[in-house]
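Commentary on secondary and tertiary structure
So you can see what is in the structure, the chains are spelled out below.
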Amino acid sequence: MLELRLHPDRLFPADHATRVLARELYGSVADLPIISPHGHCDPAWFAENAPFLNPADLLITPDHYVFRMLHSAGVPLEDLGIRPLDGGACEADPRVIWRRFAEHYHLFRGTPSRLWLDWVFAKVFHLERRLTADTAELYFNAIEAALATDAFRPRALFERFGIEVLATTENPLDPLEHHTAIRNSDWGGRVITAFRPDNVLDPEQPDFRRNLARLAEITCEDALGYEGYLRALEARRAFFREAGATSTDHGHPTAATFDLNPHEAESLFARVAHGETTPADAELFRGHMLMQMARMSVDDGMVNHDAAVLRRFGRDMGADIPAPTEYVDALKPLLNRYGADPRLTLIVFTLDETAYSRELAPLAGYYPAMKLGPPWWFHDSPEGMRRFRDQATETAGFYNTVGFNDDTRAFLSIPARHDVARRMDAAFLARLVMEHRLERDEAHDLARGLAHDFAKAAYKL
């Protein structure tokens, strides 16, 4: 029998003395409440508290870390239950999907997904054998039986995981009815929303003009005129704040920002709002609207969460590829205007690791408004976390970063991801202590900050 075993010292340094200290630091933060300030869980889970459907629907179909790896081995996404945008056929039997996943589980050896999934299997479902084709049926039956019990409903798992606050992400046109239902329920869990306006800020998004018309309808503002458009966005931000939102989330192809005068902005908006959009105009408009979002954040206090990042299966389906990104010139207009304003917090994320020490850490180490978000997507991994600390800390320090952010729609992986981050930070801090670059008590203070306090403060939670 192949035993499923989580080693208690996983991810800690091989050197004995450093490992002992890493174990001590991790032990001091392992059970701290989880701050999940940005992610993509479905708020309906917590509003309705209905049982999760089945193992495949819970652990495979919504997790692009999982299905992109299987796709790399030639498994069609349709075979994993993912329906194409054209409505074409896809596999509907969850047992078949699960078996296909189990047959390919070896692909995840050495990846962070393997760490997260094994944690879920061992800690959440108490499985004791490794997942293989031979144990696929055992796994499916055990997980399916657990999901049928009250202890595995969304609210119960939220409480079991020790989540203090969880932020979901919705677009400005969302009525937020699930968040309203959560607030009006007798449940004490804190689930809030975040404002993700890409579908009304990016002229290259599908249905952009139709989205503007809908924005006008729900705000009673002329969102097809520039001034009315800005008022409509301000109204929706206020609506989101009433629902608990403390942050905005922006996913743009580049970090470019542009400070246009009112006449230039109005002329540009007239073109993009009426479908006369060139790629250059789209980039100019996105950059101008990042400036406007910063202005609005200065006014209303929301935190800006910015990530510089369609296809047959739509957006957010795991097909992103890291590309070089420039920040110093791109962010210069925004930072020149708002970088020293204490009312703005700008948290920057990147998929371009080469920018950490060259651009992002120096910027965050100078401008009070700017913070560095943790490694995400491809770099949300032990090696990615280690590279981030190595490259960013010497210039930005620890206190210009914001702790950990799981940024996931895979709900059961949230505690597993935080566990990995806490272990890696404990290992990094232990090394600094052993090199006499940090005192032991300072390492304990930082371990808590990185695990809990920094994210809570940065996102105003």
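The rules behind these values
- Throughout this document, residue positions are counted from 1 along each chain, in the order its sequence is written.
- The predicted origin of the model limits local features to residues at a pLDDT of at least 70 and limits the giving and counting of side-chain atom pairs to 80 or more, whereas totals for whole chains, interfaces and linings rest on all residues.
- Side-chain numbers come from the whole structure's heavy atoms, not from hydrogens or water.
- Any carboxyl oxygen of Asp or Glu within 4 Å of a side-chain nitrogen of Lys or Arg constitutes a salt bridge here.
- Under the scheme applied here, a residue whose accessible area is under 20% of the maximum for its type counts as buried, over 50% as exposed, and between as partly exposed, the area being computed with a 1.4 Å probe on protein chains only.
- Note on conventions: DSSP H or I runs of at least 4 residues are helices, E runs of at least 2 residues are strands, and numbering of each starts at the N terminus.
- At least two bridges found by DSSP between two strands are what make those strands a pair.
- Residue contacts follow a heavy-atom distance rule, with two residues in contact if any of their heavy atoms lie within 4.5 Å.
- A fitted line through C-alpha atoms represents every axis, and for helices the fit uses only the stretch in contact; the resulting angles, taken between N-to-C directions, go from 0 to 180 degrees.
- Any angle between 65 and 115 degrees counts as roughly perpendicular, while under 35 counts as roughly parallel, over 145 as roughly antiparallel, and the rest as oblique.
- A crossing counts as left-handed when the near helix is turned anticlockwise from the far one by less than a right angle, and as right-handed when that turn is clockwise.
- Gly counts as polar in this scheme, as do all residues outside two lists: the nonpolar Ala, Val, Leu, Ile, Met, Phe, Trp, Tyr, Cys and Pro, and the charged Asp, Glu, Lys and Arg.

Examining the pattern of salt bridges
- Scanning the entire structure with this criterion turns up 33 salt bridges.
- Salt-bridge contacts for R440 lead to E24; the nearest nitrogen and oxygen are separated by 2.8 Å.
- Residue classification places R440 among the partly exposed positions, given a relative accessible area of 42%.
- Owing to a relative accessible area of 32%, E24 belongs among the partly exposed residues under this scheme.
- When the shortest N-O distance is used, the salt bridge between R295 and D299 registers 3.7 Å. Of this pair, R295 and D299 both sit in helix 14 (residues 279–300), separated by four residues, roughly a single helical turn.
- Residue classification places R295 among the partly exposed positions, given a relative accessible area of 22%.
- Among the charged side chains, a network of salt bridges with common partners joins D202, E204, E283 and R286.

A closer look at unusual backbone geometry
- Positioned with a positive phi, H126 is a non-glycine residue whose angle comes to about 55°.
- Judged by relative accessible area, which is 57%, H126 ranks as exposed.
- The residue W377 is not glycine, and still its phi comes out positive at about 50°.
- Tracing the sequence through the fold places W377 in the loop between strand 7 (370–372) and helix 17 (382–396).
- In this structure W377 comes out as buried when scored by relative accessible area, which is 5%.

Overview of the sheet that holds strand 3 (residues 191–192)
- Spatially, three strands are ordered 1-2-3 in an open sheet, and the strand pairing comes out parallel. Each edge of the sheet is formed by a strand with only one pairing partner; in this case those strands are strand 1 (34–36) and strand 3.
- In this structure, strand 1 lies alongside strand 2 (residues 163–167), joined through three bridges in parallel fashion. Pairing of I35 across the sheet is with V165, part of strand 2.
- Sheet strands in contact with helix 18 (residues 414–434) are strand 1 and strand 2, and its direction is about 110° off that of strand 1.

Focus on the packing of helix 14 against helix 15 (residues 328–338)
- Direction vectors running N to C along helix 14 and helix 15 enclose 20°, while the axes themselves pass 10 Å from each other. Classified by the interaxial angle, the pair formed by helix 14 and helix 15 is roughly parallel. As for how helix 14 packs across helix 15, the hand of that crossing is right-handed. Facing helix 14, whose interface residues are L290, M291, A294, R295 and V298, helix 15 presents P333, L334, R337 and Y338.
- Grouping the constituent residues of the contact of helix 14 with helix 15 by class yields seven nonpolar, no polar and two charged.

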